[in-house]
Every structure is written in C-alpha cells, then in structure tokens.
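Each chain, written out:
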Amino acid sequence: MADALLDDLDDLSDVEPEEETNNNVAEEIEIVASNDGSISAQQQAPAVNGGNETAADATSPKKHTNNRHRLLDNDALKSHLQSIRTIHQKDDTTKMTSIQHKNNKEEDEHEHQLILASNKHLVSLRAEITNTHLDICKSYHPKFPELEELVTDPFQYRAAVMIIQNEVDVTNVNEQLNEILSSNQIITISVAGSTTSGRMLTKEELSHVNELCLYLDELQNVQKELTLFVESRMEEWSPSVCALVGPTLAAQLLASTGGLAELARVPSCNLQLLGKNRSTASSRGGMATQSRTQHAGFLMECDLVQSCPNYLKMRAVKAVAGKLALAVRCDHINVESGRQRTADVGRKFKEELRTKFGKWEEPDKAQVVKALPKLAGRNLNEILLKGKT
C-alpha cells in the first residue's frame, strides 16, 4: 500500500513541471500583451489553430479556388504576341507585299516559325478556354446548375452568366438574353430558372465568377489575334488549301491540328470531323447553341458545301475532305522541299468539285424507250400461242 502511494506521488511530481512551464508561458504572453498592447501572430497561432477550424474559415464563404497557372501569364506566349504585333506594325509602316516577303529568305523562315508557333499556341488556348469554361460552370453551379446543360458554348455561357448574375427572376433579363440566345433557349432557361434549386451567390463568389468571365474574354481576344495572323499568312504558306476552302477555314484546320505537317497526316475520313460539335442532351433536344451538323466540322462551312442543297451536303463534305487531304499534302511537300508554292492544285480541285456537284443536282435522264427487236422468219402470233400453251 505504501509503495502504491509513493508511485502516485512520483507521477504527480512528473506532471507538475509541465503545468508550471505552461503557466510560465501564459504569464509571459500576458506580460508582452500588457506592455505592447498586442500579441504577435506567432503567439496567436497556437491559440487560434488549436480548434478544428479557424474563425476566418468559419465566417468566410467557400470559394472555388483554382491553382492552375494562367496561360496568358506564360512568358513564351507574351514574347510570341510581341513578335506578331511587331510584324503587324512593320506591315503597316512599310506596306510590304507578299512578293517582297518571298524574296527575303530570313523573314520568310521567321514568319514560317511564327505560324508554327501560333498554331501550337492556338491549341493551348483552346484547351485553356475549355478549362476556364469548366471553372466558370463550377463556380456558377450553386446559383444556376441547369444553365451549363442548356448553354454548352463557352462564350455564350459566359455572356449569359454576365447577364443573369444574381438575378432571382430570369424573365427580367429576357431582353438582354435575346441578343445572344435563341427564343427556344430563352424559354427553356426561364422555366429552368423558376424551378432551379440554386441559391444566391455571395459577393466573393460572384466576384470570382466575374473574374473568370473577364479572363475568358482575354483568352478570346488573344485567340482572335493569333487566328487573324495565321489567316493573313495562310495564302502564302498553304495556297492550295486556301484556294480550295478559303483562308479562314484553312487557319481553323491548322489551329485544330497544330500545323501543316500535322494536318497532312490526318486522313480524309477524319478531316471532315475536325471541329465537330459535342453532342449533349440539350443539343439532341433541339436546343443546340450552334447550327453545325453533329457529324461534320469546319468543312460544313465551306462555300462549296454551302452551295449544295441540304440532302447533298454530307456527300459534298466527304468529297471536299478527299480533295483537301491531297491539297494539304501538296503544300506540305512544297514547303519541305523549298519548291515554289502555287494555288494551281487547289484551283483544279475546286473546279472538279464544282463540276461534280453540278452533275449531282442534274435531274435523272428520262428512260429511253427502245423498240422490240425484229423477229426474223417467225410470226408474233405463233410466239404468243406457244407461250400460252
């Protein structure tokens, strides 16, 4: 019994120094607070972080943070944009023609490298636009979760978010939505807005959504700037493709694949699908944000295809894709070998396609009525009687 009491006394003696040290620390903090009038952040941290959550976390709303680096802050992209703007300024001041560019080999090679770099940056911009669109959907989801399914286009969704904001009754902004959306979409959005399970966003959440929308606008402006630069140089670097489908579609095709060499490796069956729309429940229900056919891409906007009636357009896309694959490879071989680049191949293919499409639209020829062959030495009545028997 005495041994047990001695052990308990030893345990109490071991605990008392720790309590004394804690009391001494507390006394030191009180002395510093009384002298300075405030406690440092390092002394406050153990007391504040001792609980399960801090006071700031308890009061502040949850925000969708994004740890991704902004693509527009990339030094390589900034340097590339500066080079393009320098060339535009030089073109405006000196009014250099395409013939002068061809004669200067150094500038010719420099512009070729800029076009290749522009195509690579355009691919990165498309991915960044997709990621930013997803960030906006994630941030605005608490307010209007049904909107991202009803409006699938990133820029139309951004415009709709900037218009609706924290509006409770969506019908109050129908006139503004009418400028960017169709009437069917507006009706569907109004009905969904009246029955939505969303809530009002806080000021911090709404500010974060608006910042993402502004960032998407900046991405769109940079994308347009790079696309215009590629279009202005496409007739020089890929004349056959431009002669066949036009410089705008040629720039879109190169931007979607990453360059002329990459585009030359794409077979014709896949060329007709470049840039096709993503099929969603809303698009299958007749509320698509773009009128392009689901099974066709950029080539559906080609002048040759648009000149055909609707029942021949898909057939025309396949024919244009076949000729486009040949034209791209011709331009790529001329660029790699250093030969003179001309648009003769593209013009030839375009005339062939026009002739073929014209024959498709021609009515079927009337069936020629041929006379029965003359039967030599036999009577027709005998033949009929023989057939009956």
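Each remark here, short or long, concerns the structure printed above.
J.: Talk me through the overall build of the protein; I want residue IDs and the actual numbers.
T.: On a plain count of helices and strands, the protein comes out with 20 helices and 0 strands. Per-residue burial over the protein gives 38% buried out of 389 residues. The long-range fraction of contacts in the protein, counting pairs at least 24 apart against all pairs at least 6 apart in sequence, stands at 68%. For the protein, the exposed surface amounts to about 24300 Å²; the carbon and sulfur share of it is 52%.

J.: Can you lay out the pattern of salt bridges for me, pointing to particular residues and giving the numbers?
T.: Evaluated as defined, the whole model comprises 8 salt bridges. Here R85 ties to E225 by a salt bridge, and the two come within 2.9 Å at their closest N and O atoms. Residue R85 is found in helix 4 (residues 75–94), and its partner E225 is found in helix 11 (residues 203–237); the two are separated by 140 residues along the sequence. Taking the shortest distance from any N to any O, the salt bridge between R347 and D344 comes out at 3.3 Å. Pair noted here: R347 and D344 are both in helix 19 (residues 344–361), with a separation of 3 residues, about one helical turn. Linked by salt bridges that have partners in common, R70, D73 and E218 make up one network.

J.: I'd like a rundown of the side chain of S118, residues and numbers included.
T.: Mapped onto the secondary structure, S118 falls in helix 6 (residues 105–140). Accessibility expressed as a relative area gives 0% for S118, which makes it buried. At 2.7 Å, the side chain of S118 forms a polar contact with the side chain of H80. In contact with S118, not counting residues within four places along its chain, are H80, I84, L226, F229 and V230.

J.: Provide a residue-level description of the nonpolar core, including the pertinent values.
T.: Counting residues in hydrophobic clusters, the biggest one holds 83 residues, and the most contacted among them are Y140, L147, L177, V245, L324 and F357. The dominant element in this core, judged by the number of residues it contributes, is helix 11, at 13 residues. Aside from chain neighbours lying at most four places away, what touches L147 is Y140, Y157, A160, V161, I164 and I189.

J.: A description of helix 18 (residues 313–337) should follow, citing residues and the corresponding values.
T.: With 25 residues, helix 18 ought to run about 36 Å at 1.5 Å a step, and its terminal C-alpha atoms sit 36 Å apart, in line with that. A positive phi of about 80° marks G338, the residue just after helix 18.

J.: An account of the packing of aromatic side chains is requested, with residue identities and associated values reported.
T.: This structure, assessed with the given rule, holds 1 aromatic pair. A ring pair is formed by F357 and W360, whose centres lie 5.0 Å apart and whose planes are at 40°; its orientation type is tilted. In this pair, F357 and W360 are both assigned in helix 19, 3 residues apart and thus about one turn of the helix distant. The ring of W360 has R315 sitting right over it, with the charged end atom 4.0 Å from the ring centre.

J.: So what's going on with helix 19? Residues and values would help.
T.: One turn of an α-helix holds 3.6 residues; hence residues three or four places apart share an orientation. Between its terminal C-alpha atoms helix 19 stretches 26 Å, which fits the 26 Å expected from 18 residues at 1.5 Å a residue. Looking only at helix 19, the buried set comprises G346, F349, K350, L353, F357 and W360. An end-on view of helix 19 places all buried positions within 100° of arc, on one side of the element. Exposed and oriented more than 90 degrees from the buried face of helix 19 are R347, K348 and K359. Close packing links the buried residues of helix 19 with helix 12 (239–245), helix 17 (303–306) and helix 18.

J.: Account for the environment of A243, with residues named and values stated.
T.: If you trace the backbone, A243 turns up in helix 12. C-alpha separation for the pair A243 and F349, spaced 106 residues apart in sequence, amounts to 9.1 Å.

What counts, and at which threshold
- Residues numbered from 1 in each chain as written.
- Predicted model: local features only at pLDDT ≥ 70, side-chain atom pairs only at ≥ 80, totals over all residues.
- Heavy atoms only, no water.
- Helix = DSSP H or I, 4+ residues; strand = E, 2+ residues; numbered from the N terminus.
- Buried < 20%, exposed > 50% of the residue type's maximum accessible area, 1.4 Å probe, protein only.
- Contact = heavy atoms within 4.5 Å.
- Areas by Shrake-Rupley, 256 points an atom, 1.4 Å probe, with all protein chains shown as cover.
- Salt bridge = Lys/Arg side-chain N within 4 Å of Asp/Glu carboxyl O.
- Polar contact = N/O pair within 3.5 Å; in protein donor to acceptor, adjacent residues only side chain to side chain.
- Core = buried A, V, L, I, M, F, W, Y, C linked by side-chain atoms within 4.5 Å.
- Expected span 1.5 Å × (residues − 1).
- Phe/Tyr/Trp six-rings, centres within 6.5 Å; stacked < 30°, edge-to-face > 60°.
- Lys NZ or Arg CZ within 6 Å of the ring centre and 35° of its normal.
- Arc of directions from axis to C-beta.

Note that every value here comes from positions in space, so none of it alone points to a role or purpose.
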